[in-house]
Amino acid sequence: MRPGVVYHCAMTLRPFHLAFPVHDLAAARAFYGDVLGCREGRSSDRWIDFDLGGHQIVAHLDDNARPAGATNPVDGHDVPVPHFGVVLTMADWQALAARVEQAGVSFGIAPHIRFKGQPGEQATMFFRDPSGNALEFKAFADDAQLFATALPVQENAQ
């Protein structure tokens, strides 16, 4: 995008589909179903469909699945790459944070407010599923900040 150009998206949001590897389908079923509260769809002995906030994610069995180890610095934290998740309402984000903590899941990046007082301010948390896939769940007090165009001050510094 050119500087000064405002991006407007006028479309109906459609569900995305994401397939990802897991090393244990029973552990994936317990984590995504019981801990995250995802409704289960179709399944076989090699994969399971889950409803993650209206989006179709599919855990595919891969006995050799290994988590990626790359990170990028964001607002003072090493954010795991790749990762996926959903933007929740603030109330749902808070409830999920409590449910994940109660389940004994370790946070890679504990629930906190990122970019406080800046464009794109958001609540965020990171954790991994039993196969090591990184997930991020976030929420905005103001959903209009989802696509804020100004980078926080420390991100602009060269």
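About the cut-offs
- Residues numbered from 1 in each chain as written.
- Predicted model: local features only at pLDDT ≥ 70, side-chain atom pairs only at ≥ 80, totals over all residues.
- Heavy atoms only, no water.
- Phe/Tyr/Trp six-rings, centres within 6.5 Å; stacked < 30°, edge-to-face > 60°.
- Helix = DSSP H or I, 4+ residues; strand = E, 2+ residues; numbered from the N terminus.
- Buried < 20%, exposed > 50% of the residue type's maximum accessible area, 1.4 Å probe, protein only.
- Contact = heavy atoms within 4.5 Å.
- Pairing = 2+ DSSP bridges.
- Axes fitted to C-alpha atoms, helices over the stretch in contact; angles between N-to-C directions.
- pLDDT = per-residue confidence, 0-100.
- Arc of directions from axis to C-beta.
- Polar contact = N/O pair within 3.5 Å; in protein donor to acceptor, adjacent residues only side chain to side chain.

As a further point, take the packing of aromatic side chains. Scanning the model with the defined rule gives seven aromatic pairs in all. Look at Phe107 and Phe127: their rings are 6.1 Å apart centre to centre, the planes differ by 80°, and that puts the pair in the edge-to-face class. With Phe107 in strand S8 (residues 107-114) and Phe127 in strand S9 (residues 122-128), this residue pair connects regions lying 20 residues apart in the sequence. On the basis of relative accessible area, Phe127 is assigned to the buried category, the value being 1%. Three or more aromatic residues link up through ring pairs in this structure, and these residues are Phe20, Phe31, Tyr32, Phe50, Phe84, Phe107, Phe127 and Phe137.

What follows concerns the environment of Asn72. For Asn72, the position within the fold is in strand S5 (residues 70-74). Here Asn72 falls in the partly exposed class, since its relative accessible area comes to 43%. In this structure Asn72 touches His77, Asp78, Val79 and Val81, once residues within four positions along its chain are discounted.

Taken in spatial order, the four strands make up an open sheet running S1-S4-S3-S2, and their pairing is mixed. Whereas interior strands pair on both sides, the edge strands pair on one side only; in this sheet they are strand S1 (17-22) and strand S2 (39-43). Within this sheet the neighbouring strands show an average axis-to-axis angle of 25°, counted without direction. Two elements, S2 and strand S3 (residues 47-52), share three bridges in a ladder whose sense is antiparallel.

Moving on, we get to the sheet that holds strand S7 (residues 87-88). A sheet is described by the order of its strands in space; here four strands give the open sequence S7-S10-S9-S8, paired in mixed fashion. Looking at the sheet topology across the chains shown, the edges are occupied by S7 and S8. Bridge count between S9 and strand S10 (residues 134-139): six bridges; the pairing is antiparallel. Considered in S10, the bridge of Phe126 is made with Glu136.

A few words now on the environment of Val22. Tracing the backbone through its elements, the reader meets Val22 in strand S1. Considering only alpha carbons, one finds Val22 and Arg66, 44 residues apart in sequence, at a separation of 8.3 Å. Not counting residues up to four positions away in its chain, the partners in contact with Val22 are Ala28, Ala59, His60, Leu61, Asp62, Ala65, Asp129, Ser131 and Asn133.

On to the confidence of the model for the chain. Model confidence for the chain is summarised by a mean pLDDT of 88, while 88% of its residues fall at 70 or above. Across the chain, element-level confidence peaks in S3 with a mean pLDDT of 98 and bottoms out in helix H3 (residues 153-156) with 52. Counting interchain partners and residues more than four positions distant, the pLDDT-below-50 stretch residues 1-9 has one contact.

Before going further, it helps to spend a moment on helix H1 (residues 25-35). Among all positions of H1, only Leu25, Ala28, Phe31, Tyr32 and Val35 are buried. For H1, the buried positions fall inside an angular range of 160° around the axis, keeping them on one side. Away from its buried face by more than 90 degrees, H1 exposes Ala26 and Asp34. Those residues of H1 that are buried lie in contact with S1, S3, strand S4 (55-61), helix H2 (90-102), S9 and S10. In this structure Asp24 caps H1, since a side-chain oxygen of it lies 2.9 Å from the backbone nitrogen of Ala26. At the exit of H1 stands Gly37, carrying a positive phi of roughly 80°.

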